[in-house]
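# Residue-level structure breakdown
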Amino acid sequence: MRIDIISIFPEFFGVLDISLLGRARQAGLIDLAVHNLRDFTHDRHSTVDDTPYGGGAGMVMKPEPWGEALDSILPAAPEPGVMPTGAGTGPVLIFPSPAGEQFTQAMARELAAEPHLVFGCGRYEGIDQRVVDHFAGRGRVRLVSLGDYVLNGGEVAVMAMIEAIGRLIPGVVGNPESLVEESHEDGLLEYPSYTKPASWRGLDVPPVLLSGNHGAIATWRREKQLERTRAVRPDLLPADMADAELLPPANSKARRGSRG
Ligand code: JCZ
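## Points about the environment of Arg-142
The residue Arg-142 is located in strand β7 (residues 140-145) in this model. A residue is classified by how much of its surface remains accessible, and Arg-142, at 19% relative accessible area, is buried. If sequence neighbours within four positions are ignored, Arg-142 has contacts with Val-92, Leu-93, Ile-94, Phe-95, Glu-101, Met-107, Glu-110 and Leu-111. A distance of 2.7 Å separates the side chain of Arg-142 from the side chain of Glu-110, its partner in a polar contact.

Right under this line is the structure:
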């Protein structure tokens, strides 16, 4: 997969040289380039921002450097009068924004199947809207929010998205089985995990996990997933699973025991 990132803080992405994604890049699974937006300015001060039309606090990112940066990365714009190669083809262009659609595991899976992603990191009060409007006509533009909270710029959001997407690219995570048992992959939160020692500071590992009974372990883990999801993320549960009384009867004893 090819990934391009445009930012006024390219150094921010230095961490992508290390760890799992660093290895994936060395192995040739991810071809990643970071571009400094200021390289696409032409004034002495490398200006990327200006005051907002209509007034208001803060500064807005000027469209020209974004236009030049994206022109240098994206396939050529269609000539006037020529049928556009279209909004449904070419790289996916992602702008992090608190006003975007929510990033999810499903979106990460979808984007992991793309050959080319381009991320535009805004700063200040955001990017001139015409940048999004112009490039929406030349590719597949998506405004994406990490969640309902405000960051100072798109960089942290892009880092999170690249980590979530990158690990789903075939070959990046050594053991692909570890991908399917995680929180969100089956729509539920993960069950709690334990390792040795079996007893630590007076706390024992749940005996079922030491039983060797794989059926009982699977049932217990499923029960814990449902219990956790119901407690902290009931919004994730399908309507037919939201009701505690619909749990398999085999688990009812454990539930009474732990909840009192
Ligand atoms: C640019 N401020 C881009 C994204 N989920 C989320 N929260 N905040 C952002 C975000 C904030 C920004 C910019 C300037 C994204």
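## Quick word on the side chain of Glu-155
Here Glu-155 lies in helix α5 (residues 155-166). Of note is the side chain of Glu-155, whose polar atom sits 2.6 Å from the side chain of Ser-7. What Glu-155 contacts, discounting residues up to four positions off in sequence, is Ser-7, Ile-8, Phe-9, Phe-12, Phe-13, Cys-121, Gly-122 and Arg-123.

## Details of the pairing of strand β5 (residues 92-102)
Where β5 and strand β6 (residues 116-120) come together, three bridges link them in parallel fashion. Bridge pairing links Ile-94 to Phe-119 in β6.

## Structural notes on the packing of aromatic side chains
With the rule as written, the count across this model stands at two aromatic pairs. Judged by centre distance (6.2 Å) and plane angle (70°), the ring pair of Trp-66 and Phe-95 falls under edge-to-face. Within this pair, whereas Trp-66 is found in helix α2 (residues 63-73), its partner Phe-95 is found in strand β5, the two being separated by 29 residues in sequence. Take Trp-66 and Phe-95: they sit in the same class, and that class is buried.

## Observations concerning the sheet that holds β7
To summarise the sheet geometry, strands pair through backbone hydrogen bonds and adopt either a parallel or an antiparallel arrangement. A sheet is described by the order of its strands in space; here five strands give the open sequence β2-β1-β6-β5-β7, paired in parallel fashion. In the strand order of this sheet, the two ends are held by β2 (31-36) and β7, each with one partner. The average angle at which neighbouring strand axes cross in this sheet is 30°, direction not considered. Where strand β1 (residues 2-7) and β6 come together, five bridges link them in parallel fashion. Counted as the bridge partner of Asp-4 is Val-118 from β6. Set on the sheet, helix α4 (residues 129-136) makes contact with β5 and β7; between it and β7 the angle comes to about 140°.

Analysis parameters
- Residues numbered from 1 in each chain as written.
- Predicted model: local features only at pLDDT ≥ 70, side-chain atom pairs only at ≥ 80, totals over all residues.
- Heavy atoms only, no water.
- Helix = DSSP H or I, 4+ residues; strand = E, 2+ residues; numbered from the N terminus.
- Buried < 20%, exposed > 50% of the residue type's maximum accessible area, 1.4 Å probe, protein only.
- Contact = heavy atoms within 4.5 Å.
- Polar contact = N/O pair within 3.5 Å; in protein donor to acceptor, adjacent residues only side chain to side chain.
- Pairing = 2+ DSSP bridges.
- Phe/Tyr/Trp six-rings, centres within 6.5 Å; stacked < 30°, edge-to-face > 60°.
- Axes fitted to C-alpha atoms, helices over the stretch in contact; angles between N-to-C directions.

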